[in-house]
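Given next are the chains, with one letter for each unit.
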Amino acid sequence: MNVAGDRRDVLRGVAVGLGVFLVFGAVTGLIPNPLYVRMVARTPVDYLFLFATSAFAAAFVYQRSLAAEPVGDGVAVGGVISGVLAFGCPICNALLLALFSSSALLTYFDPLRPLLGVASIGLFVGLLYYQRVNCRRC
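Presented here is a report on the structure given in the accompanying data block. Every chain's residues receive numbers from 1 upward, in the order its sequence appears when written. Only residues with pLDDT of at least 70 are given local features in this predicted model, and only at 80 or more are side-chain atom pairs given and counted; all residues enter the totals for whole chains, interfaces and linings. To obtain the side-chain values, all non-hydrogen atoms of the structure were included, while hydrogens and water were left out.

### A few points about the pattern of salt bridges
Here, a salt bridge means any side-chain nitrogen of Lys or Arg that lies within 4 Å of a carboxyl oxygen of Asp or Glu. Counted by the stated rule, this structure contains five salt bridges. Between Arg12 and Asp9 there is a salt bridge; the shortest N-O distance is 3.1 Å. Separated by three residues within a single helix, Arg12 and Asp9 lie in helix α1 (residues 3–27), roughly one turn from each other. Each of Arg38, Asp46, Asp110 and Arg113 takes part in salt bridges that share partners, so that together they form one network. To qualify as a helix, a DSSP run of H or I must reach at least 4 residues; to qualify as a strand, a run of E must reach at least 2; elements of each kind are numbered from the N terminus.

This is the structure we're talking about:
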């Protein structure tokens, strides 16, 4: 591939990472905005998982562009979803709130959020490793 193609692939990866950071940071209230108020305190771990999810999404998109037969889109989506659940406000999530009460979410789900973040990172690390091993251009 030519240099312009490589630059486009890098820019696409950076754009996806930045987009994930800004969109999910705004809708979860980690990036303060007038449209959404977070009901649970922000923690450094929330920002860590937001950054990690964004960085891994960017790396996946870039590495996917190098593969002759890209795989792992479903795993990447699962990694992003578990990442969002890890740094999102548990009682602000309408789907979770519809399924469970806010007290159940704070009692049972909130303590599990760091585990979801670790699972998200694990999914992405495994996926990126698998792609790297099976990629001829990487």
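### Notes on helix α2 (residues 44–66)
In this analysis, the expected span of each helix is defined as 1.5 Å times one less than the number of residues it contains. Here α2 is 23 residues long and its end C-alpha atoms lie 33 Å apart, about the 33 Å a rise of 1.5 Å per residue gives. Exposure is judged per residue with a 1.4 Å probe applied to protein chains only, and the accessible area is read against the type maximum: over 50% gives exposed, under 20% gives buried, and values in between give partly exposed. Of all the residues in α2, the buried ones are Asp46, Phe49, Leu50, Ala52, Thr53, Ser54, Ala57, Ala58, Phe60, Gln63 and Leu66.

### Regarding the packing of α2 against helix α3 (residues 73–87)
Packed helices, taken two at a time, are described by the angle between their axes plus the distance between the axes. Whenever a helix is involved, its axis is fitted only over the stretch in contact; in every case the axis is a line through C-alpha atoms, and angles between N-to-C directions fall within 0 to 180 degrees. In the contact formed by α2 and α3, the axes pass within 9 Å of each other and the chain directions differ by 165°. Relative to α3, the element α2 lies roughly antiparallel. The handedness of the crossing between α2 and α3 comes out as left-handed. Listed contacts from α3 to Asp46, Phe49, Leu50, Thr53, Ala57, Phe60 and Arg64 of α2 are Asp73, Ala76, Val80, Gly83, Ala86 and Phe87. The residue classification treats Ala, Val, Leu, Ile, Met, Phe, Trp, Tyr, Cys and Pro as nonpolar and Asp, Glu, Lys and Arg as charged. All others, Gly included, are polar. Residues belonging to the contact of α2 with α3 are distributed by class as follows: eight nonpolar, two polar and three charged. In what follows, roughly perpendicular refers to angles from 65 to 115 degrees, roughly parallel to angles under 35, roughly antiparallel to angles over 145, and oblique to any angle outside these ranges. When the near helix sits turned anticlockwise from the far one by under a right angle, the crossing is termed left-handed; a clockwise turn instead gives a right-handed crossing. Should any heavy atoms of two residues lie within 4.5 Å, those residues are counted as being in contact.

### A closer look at the nonpolar core
It is characteristic of soluble globular proteins that their nonpolar side chains tend to be buried jointly. Listed in full, the eight residues of the largest apolar core are Val20, Ala57, Phe60, Ala76, Val80, Phe124, Leu127 and Leu128. Here this core takes three residues from helix α6 (residues 113–133), the largest share from any one element. The contacts of Ala57, once residues within four sequence positions are left out, are Val16, Val20, Val80 and Phe124. Within the second largest apolar cluster, seven residues are counted, among which are Val40, Cys92, Leu96 and Phe109. We call a set of buried Ala, Val, Leu, Ile, Met, Phe, Trp, Tyr and Cys residues a nonpolar core when their side-chain atoms join them within 4.5 Å.

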